[in-house]
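Fold and contact review
Now for the letters of each chain:
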Amino acid sequence: MPRIETSSGPIDYQDTGGEGPVLVFGHGPPMNESQWRKVVPLLDGYRCILPTLPLGGHRQPMNPDADLSQRGVALLLGEFIEKLGAGPVTLVLNDWGGGQFLVSEGRDQQIARMVLVACEAFDNFPPGPARAMARVSGIPGSIWLLTRLMRVPAVRHNRGGYGGMSLRGIPDEVMDDWFAPATRSRAVRRDFAKFATGAPGRKTLLAWSERMRDFDRPVLVVWATEDRLMPREHGPRLAALYPQGRLVEIADSSTLIPEDQPGQLARVLIDFLTGTGAEPARHAS
């Protein structure tokens, strides 16, 4: 797997290659690139870049002094995009919404457009059900305990936690992979705790949100109608926040639309890309 060395540590990523427009995909905690495994194969003609961000599912720990707060990870994503050197990209987010803070930080020059798929927004960092975990994540041993609890099927599939993120259910082997790094590495657990406790207060979050109005490029907001984590009203509110925002709602899905409705999400994404000047590369016959 290729890797980019950043000022905070290594970022591994997958790259489908090709000459098409570049799409950079973010993921949720403590997930990794496999969050998009059902969608990427449907995006023929696009170069898909899938970094594994330090949200707890990363396989290589970051530097001990790395800033892994919400703002810090957003800036780290921006540094990754800059070092990738692939020109302005389309940034696609799902679950974790902190990539939007590149706009509030004035570091969005390499983003041509954004696709915000059922993600954190406004003061919903972290989403309601995750706030209890965030409050205790700074306690030594709490992340270790979480990794153990996630081995228990009743905890893993609980509809009030990870089990509620997908109506179809996340396969056990996928979830095992997401939690494996934090299970085996104390340094990854340290990073996970930094991120989990790194959201600012409500007033700061809302102030940052107001700055999103400065992003004058196309934004597609894709919201799930059966989402337990991201409030239904945040979809239209988020689309209205961005000057060129538009909203599409997808039924029969929870937060992980790439898991529940990958085909429909891919179609909506391609329509948005082609409609905003990002035509897929055509293969020679």
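Please refer to the structure higher up on the page.
Residues numbered from 1 in each chain as written. Predicted model: local features only at pLDDT ≥ 70, side-chain atom pairs only at ≥ 80, totals over all residues. Heavy atoms only, no water.

Observations regarding the packing of aromatic side chains
The description of two aromatic rings rests on the distance between their centres and on the angle between their planes. Under the criterion given, the structure shown has six aromatic pairs. Ring geometry for Tyr 162 versus Phe 179: centroids 5.5 Å apart, planes at 80°, classification edge-to-face. Here Tyr 162, found in the loop between helix 5 (153-156) and helix 6 (172-184), pairs with Phe 179, found in helix 6; they are 17 residues apart in sequence, far enough to count as distant. Accessibility classification places Tyr 162 together with Phe 179 in one group, the buried group. An angle of 85° between the planes, with centres 6.1 Å apart, marks the rings of Phe 215 and Tyr 242 as edge-to-face. Residue Phe 215 is located in the loop between helix 8 (202-210) and strand 7 (219-224), and its partner Tyr 242 is located in the loop between helix 9 (234-241) and strand 8 (245-250); the two are separated by 27 residues in the primary sequence. The rings of Phe 101, Phe 125 and Trp 208 are connected pair by pair, giving a single aromatic cluster. The aromatic ring of Phe 122 is capped on one face by Arg 237, whose charged end is 3.7 Å from the ring centroid. (Phe/Tyr/Trp six-rings, centres within 6.5 Å; stacked < 30°, edge-to-face > 60°. Helix = DSSP H or I, 4+ residues; strand = E, 2+ residues; numbered from the N terminus. Buried < 20%, exposed > 50% of the residue type's maximum accessible area, 1.4 Å probe, protein only. Lys NZ or Arg CZ within 6 Å of the ring centre and 35° of its normal.)

Describing the pattern of salt bridges
For the coordinates displayed, the defined rule picks out 19 salt bridges. Arg 47 is the salt-bridge partner of Asp 15, the closest N and O atoms lying 2.6 Å from each other. Placement of Asp 15 in strand 2 (residues 9-15) and of Arg 47 in strand 4 (residues 47-51) is noted, with a sequence separation of 32 residues between them. Taking relative accessible area as the criterion, Asp 15 reaches 31% and is therefore assigned partly exposed. Lys 38 serves as the salt-bridge partner of Glu 259, at 3.3 Å between the closest nitrogen and oxygen. With a gap of 221 residues between them, Glu 259 in helix 10 (residues 257-260) and Lys 38 in the loop between strand 3 (22-25) and strand 4 connect regions that are remote in the sequence. Assessed through its relative accessible area of 33%, Lys 38 is described here as partly exposed. (Salt bridge = Lys/Arg side-chain N within 4 Å of Asp/Glu carboxyl O.)

Geometric descriptors of this kind do not, in isolation, establish any biological role.
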